[in-house]
Amino acid sequence: MSVRPQTKSWLKVVLTTILLLTPTACAVQNITTAQQPTVKQRTQNQTDNQAYTDVQNLVNMGPRVAGTPTNEKASTYIEQQYRQAGYRTRIQTFTYSKFRDAGSSLALDGTTIKANAFRGSAPGKLSGKLVAVPNFGRANDFTKVNVEGAIAIVKRGEIRFTEKVQNATNAGAIGVVIFNNKPDSLSSGTLTQTFKIPVVGISGDDGDTLITRTQIAPLNIDLNANGRNVDVTGRNVIAYQEGVTQPQVIIGGHYDSVEGSPGANDNASGTAVVLDIARKVSQTPLARQAWFIAFDAEEDGLHGSRAFVNAATPQFLSELKGMMNFDMVGVNNKLLIGGSSELTKLAKVVQPQAQLYGANCANGASDHAPFAAKGVPILFFYRGMEANYHTPNDKTVDPKLLNETIQTGLDIFKRLVNN
Ligand SMILES: [Zn+2]
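Residues numbered from 1 in each chain as written. Predicted model: local features only at pLDDT ≥ 70, side-chain atom pairs only at ≥ 80, totals over all residues. Heavy atoms only, no water.

Colleague: Before we go on, may I ask you to explain the sheet that holds strand β3 (residues 111–117) in this structure?
Modeller: Backbone hydrogen bonds hold the strands of a sheet together, and the pairing may be parallel or antiparallel. Read around the closed barrel, the seven strands follow the order β2-β3-β7-β6-β5-β4-β8; overall the barrel is mixed. Neighbour-to-neighbour, the strand axes of this sheet turn through a mean angle of 35°, independent of strand direction. Direction of pairing for strand β2 (residues 104–108) relative to β3: antiparallel, over a ladder of five bridges. Counted as the bridge partner of Leu108 is Thr111 from β3. Packed onto the sheet, helix α6 (residues 161–170) meets β5 (151–155), β6 (175–179) and β7 (199–202) and runs at close to 145° relative to β6. (Pairing = 2+ DSSP bridges. Helix = DSSP H or I, 4+ residues; strand = E, 2+ residues; numbered from the N terminus. Axes fitted to C-alpha atoms, helices over the stretch in contact; angles between N-to-C directions. Contact = heavy atoms within 4.5 Å.)

Colleague: Honestly, unusual backbone geometry in this entry has me stumped. Any pointers?
Modeller: Among all residues save glycine, negative phi is the norm, and among peptide bonds the norm is trans. Note that the residue after Asp266, namely Asn267, is joined by a cis bond; omega there is 10°. Even without glycine at this site, Asp109 takes up a positive phi of about 45°. In this structure, Ala297 takes a positive phi of about 60° despite not being glycine. Along the chain, Ala297 turns up in the loop between β11 (290–295) and α9 (303–311).

Colleague: Quick question: what am I supposed to make of the pairing of β11 here?
Modeller: Each regular strand shows side chains that alternate between the opposite faces of the sheet. The element β11 is extensively covered by neighbouring structure, given that six of its six residues are classed as buried. Where strand β9 (residues 227–240) lies against β11, three bridges are found, and the strand directions are antiparallel. Looking at the pairing, Ala239 lines up with Phe292 of β11. Note that strand β10 (residues 249–254) and β11 share six bridges and pair parallel. Residue pairing in the sheet places Gly252 in a bridge with Ile293 of β11. With helix α8 (residues 264–281) bridging β10 and the parallel β11, this β-α-β connection has right-handed handedness. (Buried < 20%, exposed > 50% of the residue type's maximum accessible area, 1.4 Å probe, protein only. Right-handed = clockwise from strand over helix to strand, strands pointing away.)

Pasting the structure below:
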């Protein structure tokens, strides 16, 4: 259709008005048909997103640090979910000693700098000259300054904290301040041996400021290291079907998180995956082949899984075909599966796309390790390191990755039991 010019203008107005007023049939069409899921789809969606909902519910509680009221609330939530899915539950408590900072600081000229005492250092208050140690505090760096009877300040990095503190002690320092090599705070540092002097960590920003001031004029500070070992009670949540005293498989993951992190990926994701596998098999004979466990205090040193294997009889452990551990499975596309060779072979058959990595993860830092140490075959499900790890930003996961992990876990569990 071609149109004469002057006529064009009023015609254009008319056409535009019609277009604007008429809703685009196809879009509406799509919305009405495409977005009105059927009842079956709605239930599937809900089921599919139940794991994601569990992650959000756990995240919304705040950081789930072992031994805190928030973490107890999380264990109650998890227990309720298992019961709703038709499982019996019990709480396995255990106690361990944990280093906790009850408020350490540096003070100078009336200003206070927040600090964190290092595990393995001595509590105490002292005052002294602050001496900046060059580089990263190797033995040689301490020969360039005099820290005798003074408080040494040294940067994080390159060598272990323990080596820096040992060098400072050898050089006669009465205390050590380690500042982060990033602007933010140095929340918890661990020394692999016990020292008789106080050692605290501060943020990179505060460290840089202090170093600059020591270069302008001698600086005296008050150091208060207020870290102590306290007894903590952890709570493993164990779910099982009535009468199942000897499962073939343990399926688990930890639910605690570190200080300051809501732990969506580490490890509400693994907790939710294990819970959802239990839901999905709850009405099938498979439910009686496993115990489903949410371990506590993994972040403090695998205390929950260690307490479980230590409380189990050798008979119980020897009858296990395997332990499947899920940790950090909600971020990163690639699902990594590691563990005992016979089980990783089986996993590869079930999930050819899965990326395997060898048995060395058996002594890795997650809840499968105490089982492996007792000779139980293990499989470790993990999606790799990510930027929000152990930070306040670990707030969300990808529901698609959760569902993919659930399906893979389910398929391998079935295969393992029937193997
Ligand atoms: Zn973890």
